[in-house]
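Coordinate analysis (summary)
Each chain, letter by letter, is given below.
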Amino acid sequence: DDTAPILRINNIEVIYNHVVLVLKGVSLTVPRGGIVAILGANGAGKTTTLKAVSNLLKAERGEVTKGNIQFEGNEIQELSPSDLVKRGCIQVMEGRHCFGHLTIEENLMTGAYTRSDGRARIQDDLEMVYTYFPRLKERRKSLAGYTSGGEQQMCAIGRALMSRPSTILLDEPSMGLAPQLVEEIFEIVKSLNSNEGVSFLLAEQNTNIALKYATYGYILESGRIVLDGRADELRENEDVKEFYLGVG
Ligand code: ATP
């Protein structure tokens, strides 16, 4: 069913270390081909929400104790992060996480590790990544550790693309980057969305930029969704303007 949401989070609770309740009943949906933003202050639970989907919570002693998550109509809580990548859903973590001692191109190639469809296809996808990120092509022989923050963010997204995802969970892509570079990265997100059909669920503290590019947004406060709506509606909302857009 092409009209069904690609991702559906149903009323989840997340607890860390068996005691700390961080998500208190979060529900959201990502339509196929959508760009959906989770907005909110530091510590609101944005990263936790993404990690609940990608199943990276377990590594941090976090667990979903209530509710469920469906990707492509199937419950996914029991899948490992790499099984989920094989099904088409991958997280790009905050802070970029490139391998500093590998070249940009080697980093990109590590993104293809879950694939078994042969070198030629993987090579084609490398070229595809380079068409979206010409800077990465220029820097392909450079050690990632010696490239700029913006290039590392591009590398992290490019590496995720090498798994041929239908859906990318993108954590705080603007973090630590100059405004012009943030704009450049969001433009690429937009073209990946419209040309390659990649759906995005992104976490952002930068409400301004996120609502410029997203189709829909959810505002998270202390583990609860307090407001959601189409991006254009949220931009006009008085509370959003006052508390999140800084133009109150
Ligand atoms: P940020 O912008 O800092 O990533 P966020 O909105 O993504 O913020 P989370 O990182 O999801 O927020 O954190 C939500 C809450 O969960 C915070 O209070 C944080 O201290 C707590 N938390 C996060 N990771 C853990 C952990 N591994 N163990 C215990 N508590 C955690």
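Below, the structure is looked at part by part. (Residues numbered from 1 in each chain as written. Predicted model: local features only at pLDDT ≥ 70, side-chain atom pairs only at ≥ 80, totals over all residues. Heavy atoms only, no water.)

This part is about the site of the ligand. Taken together, 15 residues surround the ligand, and among them Asn-42, Gly-43, Gly-45, Thr-47 and Thr-48 come closest. Separating an oxygen atom of the ligand from a backbone N or O atom of Gly-45 is a distance of 2.8 Å. Between the ligand and Thr-47, the relevant distance is 2.6 Å, taken from an oxygen atom to a main-chain nitrogen or oxygen of the residue. Protein chains bury 68% of the 630 Å² of accessible surface belonging to the ligand in isolation. Per-element accounting of the shell around the ligand gives the leading share, three residues, to helix H1 (residues 46-54). In terms of residue class, the shell around the ligand is built from four nonpolar, seven polar and four charged. (Near = heavy atom within 4 Å. Polar contact = N/O pair within 3.5 Å; in protein donor to acceptor, adjacent residues only side chain to side chain. Areas by Shrake-Rupley, 256 points an atom, 1.4 Å probe, with all protein chains shown as cover. Helix = DSSP H or I, 4+ residues; strand = E, 2+ residues; numbered from the N terminus. Nonpolar A, V, L, I, M, F, W, Y, C, P; charged D, E, K, R; others polar.)

One finds Leu-108, Val-129, Phe-133, Leu-136, Ile-168, Leu-170 and Phe-200 to be the most contacted residues of the largest nonpolar core, which totals 50 residues. Those residues within four positions of Ile-168 in sequence are excluded, and the remaining contacts are Ile-90, Val-92, Leu-161, Val-198, Ser-199, Phe-200 and Leu-201. The next biggest cluster of nonpolar side chains, apart from the first, holds 29 residues, and it includes Leu-7, Ala-44, Tyr-218 and Leu-220. (Core = buried A, V, L, I, M, F, W, Y, C linked by side-chain atoms within 4.5 Å. Buried < 20%, exposed > 50% of the residue type's maximum accessible area, 1.4 Å probe, protein only. Contact = heavy atoms within 4.5 Å.)

Ordered by their spatial adjacency, six strands build an open sheet running S6-S7-S8-S3-S9-S10, and the pairing between neighbours is mixed. Edge positions in the sheet fall to strand S6 (89-92) and strand S10 (224-230), since each has one partner strand and no second. If you compare each strand with its neighbour and ignore which way they point, the axes differ by 15 degrees on average. In the sheet, strand S9 (residues 216-221) pairs with S10 via six bridges, with the strands oriented antiparallel. Counted as the bridge partner of Tyr-216 is Arg-230 from S10. Contacts between H1 and the sheet are confined to strand S3 (35-39), S6, strand S7 (167-171), strand S8 (199-204) and S9, with S7 contributing the most and set at about 150 degrees to the helix. The strands touched by helix H7 (residues 179-196) within the sheet are S3, S7 and S8, with S8 carrying the most contacts at an inclination of about 155 degrees. (Pairing = 2+ DSSP bridges. Axes fitted to C-alpha atoms, helices over the stretch in contact; angles between N-to-C directions.)

Looking at chain direction, strand S1 (residues 7-16) and strand S2 (residues 20-30) are connected through eight bridges and run antiparallel. Following the sheet pairing, Ile-12 is matched in S2 by Val-26. Adjacent in sequence and paired antiparallel, S1 and S2 are bridged by three residues, among which Asn-17 carries a positive phi angle near 50 degrees. Across eight bridges, the pairing between S1 and strand S4 (residues 62-71) is antiparallel. Opposite Ile-9, over in S4, you have Ile-69 as the bridge partner.

From the geometry alone we can't say anything about function, so treat these as descriptive.
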